[in-house]
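Given next are the chains, with one letter for each unit.
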Amino acid sequence: MENTVEYDDKLGHKRVRVRRMTFSMRLIHWVNVFSMIVAVATGLYIGAPYYQTLIADPAVDKYVMAWNRWGHFIVAIIFDVTSILVAYLFFFSRFEKHYLKIIPNKKNIVEFFEVFFNLITLNRRKNFDSSHSDSFNSIFFIIFHLMLAWMLFTGLQMYVQIFPHGHSSIGEWWPTMLHMATDWTIPVSNWLIGSTATGGNLMDVRISHHYTMWYIIAWVVFHIYYQVWRTVFWQEGDVAIVVGGSKFMKVGEDGNKDVDIKER
């Protein structure tokens, strides 16, 4: 990535504009944001309907559960597509090789704990380069995408139950493929929730799917909090990265003393 010196601020800090997210990465981020809002709203309704249509509405307008299930299914498809794109960019992006940050070598392990110490000491200790995605954030996002993958597999396992006889409008191959890809979620869900049912059942999958939604919501809350925290304590505009793609890093201070920049 190319860093460009922009200005010296009023407090005497030399700052450099660092490009952190490409347009495609930002687009995927915001598609996921709006898809997640719809997925949570419709998922909560599917689990426990919390509103209804007016009694006077025509019967054709009363398929609230059907519309919620349809919306939930559509955003799940969107998540499928973005997950494939994210997985590809994780390994093959020409902008930044994120997978290099999760390799358990000495450099990444040290950086991970330095970022963690920076957080719990309220920025009193900052001994890492903030010009790129650090190993702490990389692992944090890996956890999110693993939970998202689990949601997709358990969701498809519940979806395939609408084909009890193994037939679909596009052929028997579709439910067969779904069973092959998702049946393993039943015993795993049974183990995760500690069910006493022998061999597991679909209810274990539903409960696991529901619990994971709350874990993802907790993840999102911490993610937003941490980005605001970095913006306030580091004063480098991290929260603006998902909008403009760049941040304004302080150069020659703390862990950024040895950052290689190109002045122009």
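Structure: see above.
Keep in mind the model is a prediction, meaning the values are calculated, not measured.

Calculation criteria
Residues numbered from 1 in each chain as written. Predicted model: local features only at pLDDT ≥ 70, side-chain atom pairs only at ≥ 80, totals over all residues. Heavy atoms only, no water. Helix = DSSP H or I, 4+ residues; strand = E, 2+ residues; numbered from the N terminus. Buried < 20%, exposed > 50% of the residue type's maximum accessible area, 1.4 Å probe, protein only. Contact = heavy atoms within 4.5 Å. Areas by Shrake-Rupley, 256 points an atom, 1.4 Å probe, with all protein chains shown as cover. Expected span 1.5 Å × (residues − 1). Polar contact = N/O pair within 3.5 Å; in protein donor to acceptor, adjacent residues only side chain to side chain. Phe/Tyr/Trp six-rings, centres within 6.5 Å; stacked < 30°, edge-to-face > 60°. Lys NZ or Arg CZ within 6 Å of the ring centre and 35° of its normal. Salt bridge = Lys/Arg side-chain N within 4 Å of Asp/Glu carboxyl O.

Caption draft 1: Layout of the overall build of the chain. A count of helices and strands for the chain gives eight helices and three strands. The helix and strand sequence of the chain, counted from the amino end, reads β-β-α-α-α-α-α-α-α-α-β. Looking at the chain as a whole, 39% of its 264 residues are labelled buried. Within the chain, contacts between residues at least 6 apart in sequence are counted, and of these 64% link residues at least 24 apart. Of the roughly 15,900 Å² of accessible surface on the chain, 68% is carried by carbon and sulfur atoms.

Caption draft 2: Spatial organisation of helix H4 (residues 135–159). With 25 residues, H4 extends 36 Å between its outermost C-alpha atoms, agreeing within 8% with the 36 Å of an ideal straight helix rising 1.5 Å per residue. The N-cap of H4, judged by a side-chain oxygen 3.1 Å from the amide nitrogen of Phe136 a few residues on, is Asp134.

Caption draft 3: Inspection of the packing of aromatic side chains at higher detail. Enumeration over the complete set of coordinates arrives at 28 aromatic pairs. With 5.3 Å between their ring centres and 40° between their planes, Tyr88 and Phe92 make a pair best called tilted. Of this pair, Tyr88 and Phe92 both sit in helix H2 (residues 64–92), separated by four residues, roughly a single helical turn. Accessibility expressed as a relative area gives 53% for Phe92, which makes it exposed. Between Tyr159 and Phe163 the ring centres are 5.6 Å apart and the planes differ by 90°, which places this aromatic pair in the edge-to-face class. Using a relative accessible area of 12% as the deciding quantity, one classes Phe163 as buried. Above the plane of the ring of Phe128 lies Lys126, whose end atom (NZ or CZ) is 5.1 Å from the centre. The lysine or arginine in question, Lys126, covers the ring of Trp234, its NZ or CZ lying 5.0 Å from the ring centre.

Caption draft 4: Local environment of the pattern of salt bridges. Tallying each qualifying case throughout the model produces six salt bridges. Among the salt bridges present, the one from Arg230 reaches Asp238, with a minimum N-O distance of 3.4 Å. Across this residue pair, the class does not change: Arg230 and Asp238 are buried. Here Lys247 ties to Glu236 by a salt bridge, and the two come within 2.8 Å at their closest N and O atoms. One end of the pair, Lys247, is in strand S3 (residues 246–250); the other, Glu236, is in the loop between helix H7 (202–234) and helix H8 (241–244), with eleven residues separating them in the sequence. Of the two residues, Lys247 and Glu236, both sit in the buried class. Overlapping salt bridges, with partners in common, bring together Asp134, Arg230, Glu236, Asp238 and Lys247 in one network.

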